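The lines below spell out each chain.
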Amino acid sequence: MGEIEGTYRVLQTPGSRLGVQKTAGVSTLEPGQNLSTAMASNPAKTHERDLSIRIKMLDNTEETLNVESKHYGQTLLTEVYKHLNLVESDYFGIEFQNIHSYWIWLEPMKPVIKQVRRPKTAVLRLAVKFFPPDPGQLQEEYTRYLFALQIKRDLAEERLTCSDNTAALLVSHLLQSEIGDFDESEDREHLKANCYLPNQERIEGKILEFHRKHVGQTPAESDFQVLEIARKLEMYGIRFHLASDREGTKINLAVSHMGVLVFQGNTKINTFNWSKVRKLSFKRKRFLIKLHPEVCGPYQDTLEFLLGSRDECKNFWKICVEYHTFFRLFDQPKPKAKAMFFTRGSSFRYSGRTQKQLVDYIKDSGMRKTPYERRHSKARASTRTPNTDVPKQNVPFPEGLRTPGSPASAAAPFRSAHSSATPAPVLPIFAEISPSSLDPRAPYTRIPEKTTAAPAEEAGRKEMQQPGSPVLQGPPGDHPQLSSLVLKSPLGSNPAFQVNLNAASQGYSPLLSPVLSDAGGARIEEDDEMKRKRCPTDKAYFIAKEILATERTYLKDLEVITVWFRSAVIKENAMPEGLMTLLFSNIDPIYEFHRGFLKEIEQRLSLWEGKSNAHVKGDYQRIGDVMLRNMHTLKEFTSYLQKHDEVLTELEKATKRLKKLEMVYKEFELQKVCYLPLNTFLLKPIQRLMHYKLILGRLCKHYTAEHRDFADCRNALKEVTEMTSQLQHSLIRLENFQKLTELQHDLIGIDNLTAPGREFIREGCLYKLTKKGLQQRMFFLFSDMLLYTSKGVTGTNQFKIHGHLPLHGMLVEESENEWAVPHCFTIYSAQKTIVVAASTRLEMTKWMEDLNMAIEMAKKSTEKSDMLLENSVCNRSNRSSDEVSLEQESEDDIHSSRSSLDRQSHHRANTTMHVCWYRNTSVSMTDHSVAVENQLSGYLLRKFKNSNGWQKLWVVFTNFCLFFYKTHQDDYPLASLPLLGYVVSSPVEADGIQKDYVFKLQFKSHVYFFRAESKYTFERWMEVIKRATSSPARSSLLLPRDGKDSHTD
C-alpha cells in the first residue's frame, strides 16, 4: 500500500552525450538477449487462429494484416514496416484507442490480444511516435514524406495549432506535393474534395496565393518545406495529457525530445529538461518528477501532477521513459536479471533502437534506394525519357533531382541504384540560393523571378566518377539507400543553383542541422577541383559575389525594422502615430529600393556564372553597369538618410517618455531576430554606402584602365563617394549616439548618458586594486568622465556603476614598480586615486593613450564636465583622498546592487561590453568604426578541432562577432561566436588540414577551422577578422575626423 508503482531514473554522467550513462537504465530482456532473440525465444502458441487486424496508414489507406492471436506487438510492427519497406522505422509506432477513447501506443513486448480489446473491429493506425527537433535528422526521403503526412493529419485533427498564415502556408506546400503546380480551378476542386483544416474555406484565398508561388517545386522539396515550417511551431509533435497541479489548476502535460513540458491551454508555461530531471515515477494517479537539488533547492525537489486515472498516468510515464531513452541515450538499456521471488513496481523500459543507433545504422549500412508511391500525388512526371534499365516496378515520381523552372515542371523519374542513367548535375558546394519567393510577411517581401537552369550533365558525370569519393555499399536486397535531394532553404530557392547530394557519395543527409555538433559533418566533402572548374575564377566575379552576399544580409537587417519591429509596435499599439510616420516613411523607400537592387545583382551573377548563353559573348561578366545605375538612383534617397539622425533621437526620447513603448522595445531586443541592439539597424543604410565605396574601390584597383567594366565602376565610385562625403559627419555622430544609448540601457546608476557633447571613447575590463586585492571591473571612458562598474550577481546582464571620475584635472601614470603588479597604472583625480591593472601590456598602452588624449581634450573644452556629472550620475558617497583609495564595497552597496538588478528585465549577453568582460579586453570607438567597415557575409565550411567533416553554414561577420545560419534566408542566427580575443591564422601541419583556403580561429583551447571557396574569399575573411579583432594601440575618435576618409579609401 502506498508504494511507488513505477520508477525511472534519469542518470547523468559528465562528458557523455546529453546525459548518457554507462549503466543506461534497465530492460525487460534477459541477459545476452536483444529484441529479435527475445521474440524468437518467446513465440506465441503455434497453430492458433489468425487475427485480421486493420491498420490505417498515414496516407489514410487501410491495410489488413493477419497475425496469430498471441503474437507480440513487435510482430505486428515488423509486418507493417516490412509492408511499407520502411527503413527509419524506429521513429514510428502503432496507436489505438482504448475503452476510454484516448490514444495509446502498441507495446512491442506484450501480446496484441492483451492490449487491443476487440481486435477484429478495432482500427489501429500508423503514426509518428518520436518527433526529432530537426527534420534534417531524417536520412530517408520516404521518411520525410511520411512525416509530412503526419503533419497533415495533425492539422486536420487540430493537434497542430498555428496562425492562419502558417496554416495556409503548410496547406499550400501539401497541395504542391499532391497536385503539382498551381492551377486555380484544379486547386479549388481539390480543396473542396479534401479537408486539410477545419473551416478551411476562411483561408482558401491565402492558400491559393501561397500555392501560386511554389511553381516548379517537387513533392520531395514540398515535404521538406512542410517539416521546416512545422518544426518551428510550439505544438510540433505535442500530444496533450490532461492533468492538474497540486492546487487543482487544469493543465496539459506533454513530452518532447528536450524533456517534460507543461501547458496551460495551448501556451507552454514550463519545461523540465532531461538534464534537470533525476527520476520519473508514478503512484496511482500521481505523476512525480524528481529534480536535481541544484535546480529547485534541497527542500522541494519533487513535483507532483494528478492525471485522470492510473492507466492514463502509467501511459504518460511510459511515453516519457521511451522519449528519454530514444533521444538521450547512445544504446538500448542493458537487460537486468529477473527477480527470483517478487518484483517491485513496473519494469517497463524502451526496447527499440535509440536515435543515435538508428542514425549510425543508416550511415554504416549503405542501403540501396527503392522507389515508393505517393498515393495522393498527381504531379506530372518529367518529359525526360527514363532509362531503360530502370526496373518496371519502379514507379516514376517527382524526385529532388530535377531542374526547377525547366519545361517539365515536375521532375525526373526515379532511377534505381543499378541504373546506368546519367546522374543529375552536381553543383559546387558554394552555389548560392536566391532569396525567398514566399514569405507570410508580405507585402514587405520581394518575389523573385524564376530563371531557367541549364543542366550540366557532363560535369555531374565527372563528379560521380571521382575515384576518391566514398561509396556506401550494402548487401543485395538491403534497405533503400539514402535519398538524393535538392538542398533547399525553407522558403524557396533559385533554380539555377542546385546540389546533388546522392548518398552513393555522401555518408550523411545534407539536411542535418549545423547545430548538431558533428553529426553530419562528413556530408560536405565535395571535390574542390570540380567546384573550381564550374565557377568563374576571375577576381572580379568574387568581388561581385561579395556584393551579393552582403546585400542579402543588409536586406535582412532592414527587415528587422520594416517587418519585425513594425509588427511588434502595431500589435501592442505602442508607438505614437507621428513617430510611426517619421520612422517608416524614411526607411520603407530605402528598403523597397534595395529589394529591387538585390534582384538585379542576383540576375547578373546568374548570367555571369553561365546559366544562359549570354556568358559566351561576355556581355554579362561585369557588375559596374548595375552598380552605376543603382548608385545614381540611390542619390535620390540622400534626403531620407539625412533624417536618420532625427529618427534615432526621437525614438530614444519616446522610449524614455512612454513606458509601453519602452517595454515593447526591450522585449523586441530579446527576440532571436534582433541579433544586435535595435538602434544599430537604423545605422545600416548609411553604413552600407561605406561598404559600396570600399567594394567599388577594390574593383577599380583590380581592373586595368582598358577593361570594359572599369569606367562604370569608377563612375559608380564617384557617385557613392559624393554621398558618403555628405553623410560622413552624420554617421560619426549617429554611431556615437547609438553607442551611448546602448550603454544607457545596460548600465544601472546613470540617468542621462546621452548628454549633448559627450563622446564615447573606450570600454573594457581592468582589475582595480582594493582591500580584497585585484577585483574585476568594467571601465567606460567618455570625453568628460571615466566610469567603473561591476557585473550583477543575479540573472540580469546589466552593470552597476561603482564610481565616476571627471577627466578635468586627471593624471595617469604607469606604476608597475610601485605596486609590483604587472601592467599596472595609477589614475589620479580630484575625488580619488585608483590603481588598475590591464591583462596585457598592449591593453595598458591602449588605455593610457586614450586616457591622456581624453584628458588633453577635456582641458581645451570650455564647458565644465562637473555640471554634466551632477546632472547625469546618481549621487554616491565617494571618499576624497590624496592617497590611493583601496576601497571595499560595503554590504549595503552589494545588497542595493542586487535589489536594483532584480527589478530589471533580462538583457542581451552578447553585447560588446559583456564580451570584453569575459575576454578581459577592451574596445575603442575607433575599433567600432573599423568593424563597421569590415562586415562580411557568405557561405563557409566549418570544422571543429576534433570533428571529422565540414559543415556548410551561412556566416555573417559584424560587431566583432560571427553569426551562423543554415542558409542566407533564415531570419535569425542559430548561434554566434564573439571574436574579441581570438587569433586568426592559417592552419599548421599539426592541425592535419589538407584543404585549400582554410583559416583557423583560436582562443585558448577553443579552435575552429573555416574553409572558403576561393583565394579572394579566403583573403577577405582573414583581412576583416584581423582588422576588427586584433587592433593595435591607436588614437581615439577625439582626433580630427579628416583621417577617416583616407582610411576608408
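Refer to the structure printed above.
A. Fine view of unusual backbone geometry. A positive phi angle is found at E158, which is not glycine, with a value near 60°. Its place among the elements puts E158 in the loop between α4 (141–156) and α5 (164–179). Positive phi, close to 55°, is recorded for K1004, a residue that is not glycine. Considering the arrangement of structural elements, one finds K1004 in the loop between β30 (998–1003) and β31 (1006–1011).

B. Representation of helix α14 (residues 539–572) within the structure. Given a rise of 1.5 Å per residue, 34 residues ought to cover 50 Å, and the 49 Å separating the end C-alpha atoms of α14 matches this to within 8%. Along α14, the helix axis deviates most sharply at E559, where the bend reaches about 40°. For α14, the buried fraction is high: 27 of the 34 residues fall into the buried class. Backbone geometry just after α14 places N573 at a positive phi near 50°.

C. Helix α7 (residues 204–211), seen in detail. Within the span of α7, buried status applies to E204, I207, L208, F210 and H211. The buried residues of α7 occupy an angular sector of 165° when projected down its axis, which confines them to one face. As for α7, its buried residues are in contact with α5 and α6 (184–193).

D. Structural view of the sheet that holds strand β6 (residues 103–105). Overall, mixed pairing links the 5 strands, which are arranged β4-β3-β7-β5-β6 in an open sheet. Strand pairing shows two members of the sheet lacking a second neighbour, β4 (62–68) and β6, which therefore form its edges. Taken over all neighbouring pairs, the strand axes of this sheet differ in orientation by 40° on average, direction set aside. Inspection of the sheet shows strand β3 (residues 50–56) paired to β4 by 7 bridges, in the antiparallel sense. Residue pairing in the sheet places L51 in a bridge with V67 of β4. α4 contacts β3, β5 (92–97) and β7 (123–128) of the sheet and is inclined by roughly 115° relative to β7.

E. Geometry of the environment of L769. Considering the arrangement of structural elements, one finds L769 in strand β17 (residues 760–770). A C-alpha to C-alpha distance of 9.6 Å links L769 and V821, two positions 52 residues apart in sequence.

F. Highlighting the packing of α14 against helix α21 (residues 678–702). Where α14 meets α21, the closest approach of the two axes is 10 Å, and the angle between their N-to-C directions is 170°. In terms of orientation, α14 and α21 fall into the roughly antiparallel class. Each residue belonging to the contact of α14 with α21 can be placed in one class, and the counts come to 15 nonpolar, 2 polar and 7 charged.

G. Representation of the nonpolar core within the structure. Judged by nonpolar contacts, the single largest core of 98 residues is most densely connected at L76, F92, F287 and I289. At 9 residues, the largest contribution of residues to this core is made by helix α10 (residues 310–328). Those residues in contact with L76 that sit more than four places away from it in its chain are I53, I55, L65, V67, I94, L106, V112 and L124. Grouped together as the second largest cluster of nonpolar side chains are 80 residues, A549, I590, V664 and V673 included.

H. Broad picture of the pairing of strand β27 (residues 961–965). A large share of β27 lies buried, amounting to 5 of its 5 residues. Side-chain alternation along β27 places C961, F963 and Y965 on one buried face and L962 and F964 on a second face that is also buried. The turn joining strand β26 (residues 951–958) and β27, which pair antiparallel and follow one another in sequence, is formed by 2 residues; a positive phi near 50° is taken by N959. Inspection of the sheet shows β27 paired to strand β28 (residues 975–978) by 4 bridges, in the antiparallel sense. By the bridge assignment, F963 is partnered in β28 with S976.

Rules used in this analysis
Residues numbered from 1 in each chain as written. Predicted model: local features only at pLDDT ≥ 70, side-chain atom pairs only at ≥ 80, totals over all residues. Heavy atoms only, no water. Helix = DSSP H or I, 4+ residues; strand = E, 2+ residues; numbered from the N terminus. Expected span 1.5 Å × (residues − 1). Bend = angle between axes of the 7 residues up to and from the residue. Buried < 20%, exposed > 50% of the residue type's maximum accessible area, 1.4 Å probe, protein only. Arc of directions from axis to C-beta. Contact = heavy atoms within 4.5 Å. Pairing = 2+ DSSP bridges. Axes fitted to C-alpha atoms, helices over the stretch in contact; angles between N-to-C directions. Parallel < 35°, antiparallel > 145°, perpendicular 65-115°, else oblique. Nonpolar A, V, L, I, M, F, W, Y, C, P; charged D, E, K, R; others polar. Core = buried A, V, L, I, M, F, W, Y, C linked by side-chain atoms within 4.5 Å.

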